[in-house]
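A structural walkthrough
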Amino acid sequence: MVYITEELIRRRAEHNDCEILSLEEVSLHQQDIERIEHVDRWCRELRILYLQNNLIPRIENVGRLKKLEYLNLALNNIQVIENLEGCESLRKLDLTVNFVGLLSSVESLQHNAHLRELFLVGNPCTEFQGYRQYVVAALPQLKWLDGTEISRSERIRASQGLEQVRRRVREQEQEYLRRREEQKEEAARRDKDRKPDSQDDKENLRSAEEEEQDFWHTPCSFTPESRLEAHRRLEEKKNANRKEPEKKNKPPRTLITADGRVMNINEPKLAFSLTEDEESNAVVLDLAVYRHMDTSLMDVDVQPTYARVSVKGKMFQVVLPAEVKPDSSTARRSQTTGHLVLTMPRAEGELRVKKPVPRQRRDAPSRGSAEEQNRKDKIPERLDVDPSKRKSVDIANIVPQRSNGEDLQQEPDGTAELPEGNPPCLHLCVLNCSQGQMWGFLCSSAIRSNQSQEEPDSCFRFYEVLPQQNQM
């Protein structure tokens with residue numbers, strides 16, 4: 001037995017964003033519903049209600065639908081027209097192919113002042129003599145009956161012989177009720193014969209296939225009981241042919257290995273991009289989930305070193321390039337593409353330099369830049385003597401310092417005296433003399449000896465020669 005539930009109505013209300021309080025139209029056809037319930041309390045704004053092709057035996061729980069204009073109950077098991085007085089706005093009622101045998105029950109529709117169309121095709125009452133005349137006379141507000149317009153002359157003729165037609169209809173109703181009792185007894189006897197009482201009866205029963213063939217090929221009267229029996233057999237046949245899928249026990253997916261290494265997994269096979277946003281100092285994961293997928297089918301789990309997303313039970317896991325803050329991370333759906341975007345700020349220790357700054361080595365400064373700067377500032381440069389070069393000549397004291405106020409005496413040829421004890425010949429060649437400063441280079445050389453084949457080193461260095469000060 002199928003019941004009308006809130007979940008069922010919400011599934012059928014997708015056109016109204018699954019909202020049932022403001023729902024104006026709902027289709028509950030072909031759901032094998034056996035009772036009308038809850039609709040009058042949950043959907044007060046309904047204007048159109050489709051309930052055709054179900055197993056509903058009676059009309060009930062619709063009296064509170066004040067705005068209902070169209071009610072479709074075709075292909076059900078309804079036998080009496082009732083409980084529609086509260087539907088004040090009802091304009092169209094469809095009861096095609098039901099089991100309405102009490103034609104006098106249409107008089108209950110006199111309270112529906114706005115009723116304009118009524119369909120009773122396929123009901124036992126339509127076989128009554130005087131059926132159309134009785135309905136037209138009983139419902140003066142009706143404009144169409146079984147798809148045929150009611151003319152003014154037809155209404156006048158129907159009202160003239162109403163009493164005689166009413167007596168004839170009552171007699172036919174009594175005959176119909178007697179036949180219905182016989183049909184119910186026959187259906188009960190058939191059910192009793194189908195249920196075995198002992199083990200011996202089970203052995204004498206024919207095979208199920210033969211019984212099935214007899215049921216479908218044996219003529220029977222069209223009654224609510226026969227319709228329910230046909231539906232039951234169809235359901236049994238459908239369930240028998242429905243093969244249950246074999247459940248394969250798949251081994252559990254390894255997300256993290258025994259040694260603590262996180263695995264990269266993409267079970268839903270979705271495209272994704274993992275980028276690092278330098279401006280916001282965050283890691284951004286763009287997962288291309290399906291655009292129309294409900295967000296409730298996704299589950300997100302962000303850890304400091306990896307992110308995990310479950311999409312309809314399938315696992316997506318990726319290792320992050322840097323440690324992030326799970327508490328500050330956000331997950332959003334794109335309104336245009338539907339992608340799932342995870343923004344994960346980096347941890348405090350994971351800072352990244354936006355633009356790398358080139359650094360100069362301290363042990364090897366640029367010689368050209370220093371010389372240019374000194375030249376601009378006009379500061380004399382004093383060069384250090386490499387100790388490894390001192391093999392024969394000590395040139396550290398080439399310009400002796402002044403002592404006791406005495407100045408260094410220069411020779412007339414511009415060559416300064418050197419301390420004694422230096423074997424090579426040293427010359428200080430003056431190259432430039434301007435603005436009180438003298439520049440030159442020191443040349444030291446040795447004469448090759450006849451006894452030695454070794455050639456002494458030569459050293460060329462620029463030094464500043466202090467000018468001779470005027471004596472006071």
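About the cut-offs
- Residues numbered from 1 in each chain as written.
- Predicted model: local features only at pLDDT ≥ 70, side-chain atom pairs only at ≥ 80, totals over all residues.
- Heavy atoms only, no water.
- Helix = DSSP H or I, 4+ residues; strand = E, 2+ residues; numbered from the N terminus.
- Contact = heavy atoms within 4.5 Å.
- Areas by Shrake-Rupley, 256 points an atom, 1.4 Å probe, with all protein chains shown as cover.
- Pairing = 2+ DSSP bridges.
- Salt bridge = Lys/Arg side-chain N within 4 Å of Asp/Glu carboxyl O.
- Buried < 20%, exposed > 50% of the residue type's maximum accessible area, 1.4 Å probe, protein only.
- Axes fitted to C-alpha atoms, helices over the stretch in contact; angles between N-to-C directions.
- Parallel < 35°, antiparallel > 145°, perpendicular 65-115°, else oblique.
- Nonpolar A, V, L, I, M, F, W, Y, C, P; charged D, E, K, R; others polar.
- pLDDT = per-residue confidence, 0-100.
- Patch = residues over 30% accessible without salt bridge, like charges linked within 9 Å, V, L, I, M, F, W, Y side chains within 5 Å.
- Lys, Arg positive; Asp, Glu negative; His and termini not counted.
- Charge placed at Lys NZ, Arg CZ, Asp CG, Glu CD.
- Phe/Tyr/Trp six-rings, centres within 6.5 Å; stacked < 30°, edge-to-face > 60°.
- Lys NZ or Arg CZ within 6 Å of the ring centre and 35° of its normal.
- Core = buried A, V, L, I, M, F, W, Y, C linked by side-chain atoms within 4.5 Å.

This part covers the overall build of the protein. Assigned secondary structure in the protein consists of nine helices and 18 strands. Taking all contacts inside the protein whose residues are at least 6 apart in sequence as the whole, residues at least 24 apart take part in 46%. Roughly 32500 Å² of accessible area belongs to the protein as shown, and the carbon and sulfur atoms make up 47% of that amount.

Once that is clear, we can look at the sheet that holds strand β12 (residues 306–311). Pairing is antiparallel across the open sheet formed by four strands, whose spatial order is β8-β13-β12-β11. Across the chains shown, the open sheet's two edge strands, defined by having one partner strand only, are β8 (265–266) and β11 (298–302). Summarising the sheet, β11 and β12 pair through five bridges and their orientation is antiparallel. By the bridge assignment for β12, methionine 298 is matched with valine 311.

Where β8 meets strand β13 (residues 314–319), two bridges bridge the pair, whose relative direction is antiparallel. Its bridge partner being in β13, isoleucine 265 is matched across the sheet by glutamine 317. Sheet analysis places β12 next to β13, joined by six bridges and oriented antiparallel. Following the sheet pairing, alanine 307 is matched in β13 by valine 318. Taken together, β12 and the strand that follows it, β13, pair antiparallel across an intervening segment of two residues, in which lysine 312 is found at a positive phi of about 55°.

Take the pattern of salt bridges next. This model, assessed by the stated rule, comprises 17 salt bridges. Between glutamate 163 and arginine 166 there is a salt bridge, with its nearest N and O atoms 3.6 Å apart. Here the residue glutamate 163 and the residue arginine 166 both occupy positions in helix α5 (residues 162–194), the gap between them amounting to three residues, near one helical turn. Notably, a salt bridge pairs arginine 346 with glutamate 276, separated by 2.4 Å at the nearest N-O pair. With arginine 346 in the loop between β15 (340–345) and α9 (367–377) and glutamate 276 in strand β9 (residues 272–277), this residue pair connects regions lying 70 residues apart in the sequence. Relative accessible area serves as the criterion here: at 34%, glutamate 276 is assigned to the partly exposed category. Among the charged side chains, a salt-bridge network with shared partners connects Glu229, Arg232, Arg233 and Glu236.

Moving on, we come to the packing of helix α3 (residues 131–138) against helix α4 (residues 152–160). Each pair of packed helices can be summarised by the angle the axes make with each other and by the distance between the axes. Put simply, α3 and α4 touch, their axes get as near as 8 Å, and they point 95° apart. In terms of orientation, α3 lies roughly perpendicular with respect to α4. Contacts from Arg132, Gln133, Val136 and Ala137 in α3 reach Glu154, Arg155, Arg157, Ala158 and Ser159 in α4. In terms of residue class, the contact of α3 with α4 is built from three nonpolar, two polar and four charged.

Our next topic: the environment of alanine 138. Position of alanine 138 among the secondary structure elements: in helix α3. For the pair alanine 138 and serine 159, spaced 21 residues apart in the sequence, the C-alpha separation amounts to 8.5 Å. Those residues in contact with alanine 138, other than ones at most four positions away along the chain, are Glu107 and Gln110.

Below, the discussion takes up the confidence of the model for the protein. Close inspection of predicted coordinates is inappropriate for parts of the model with low pLDDT. For the protein, per-residue confidence averages 78 on the pLDDT scale, and 69% of positions sit at 70 or higher. Between residues 421–439, whose pLDDT stays under 50, and residues either more than four places distant or in other chains, the model counts 47 contacts. Taken as a whole, residues 441–472 scores under 50 in pLDDT and shows 65 contacts with residues more than four places along the chain or in a different chain.

All right, on to the environment of alanine 230 then. Mapped onto the fold, alanine 230 is located in helix α8 (residues 224–241). C-alpha separation for the pair alanine 230 and phenylalanine 215, spaced 15 residues apart in sequence, amounts to 8.8 Å.

Quick look at a positive patch on the surface now. A cluster of like positive charges, contributed by Lys250, Lys269, Lys312 and Lys314, occupies part of the molecular surface. Considering the arrangement of structural elements, one finds lysine 269 in the loop between β8 and β9. Using a relative accessible area of 73% as the deciding quantity, one classes lysine 269 as exposed.

The tally for this structure, following the rule as stated, stands at three aromatic pairs. Centre to centre, the rings of tyrosine 50 and tyrosine 70 are 5.6 Å apart; their planes meet at 85°, and the pair counts as edge-to-face. Taken together, the positions of tyrosine 50 in strand β2 (residues 48–50) and tyrosine 70 in strand β3 (residues 70–72) put the pair 20 residues apart, joining distant regions of the chain. Above the ring of tyrosine 70, the side-chain terminus of lysine 92 is found at 4.7 Å from the ring centroid.

Another point: the nonpolar core. Where a protein is soluble and globular, its nonpolar side chains tend to be buried together. Of all hydrophobic cores here, the largest spans 51 residues; its most connected members are Leu49, Leu73, Leu84, Leu93, Leu103 and Leu118. Broken down by secondary-structure element, the contributors of at least two residues to this core are α1 (6–11), α3 and α5. The contacts of leucine 73, once residues within four sequence positions are left out, are Ile36, Leu51, Gln52, Ile56, Ile59, Ile78, Asp94, Leu95 and Asn98. Among the nonpolar cores identified, the runner-up in size contains 18 residues, and Val283, Val289, Val318 and Met344 belong to it.

For the rest of this paragraph, the subject is the sheet that holds β15. Strand order in the open sheet formed by four strands is β9-β10-β15-β14, with antiparallel pairing between adjacent strands. Each having just a single partner strand, β9 and β14 (330–333) make up the two edges of the open sheet. Across this sheet, the average inter-strand angle for adjacent strands is 15°, counted without regard to direction. In the sheet, β14 pairs with β15 via four bridges, with the strands oriented antiparallel. Residue threonine 330 lies in a different strand from β15, and its bridge partner there is threonine 343.

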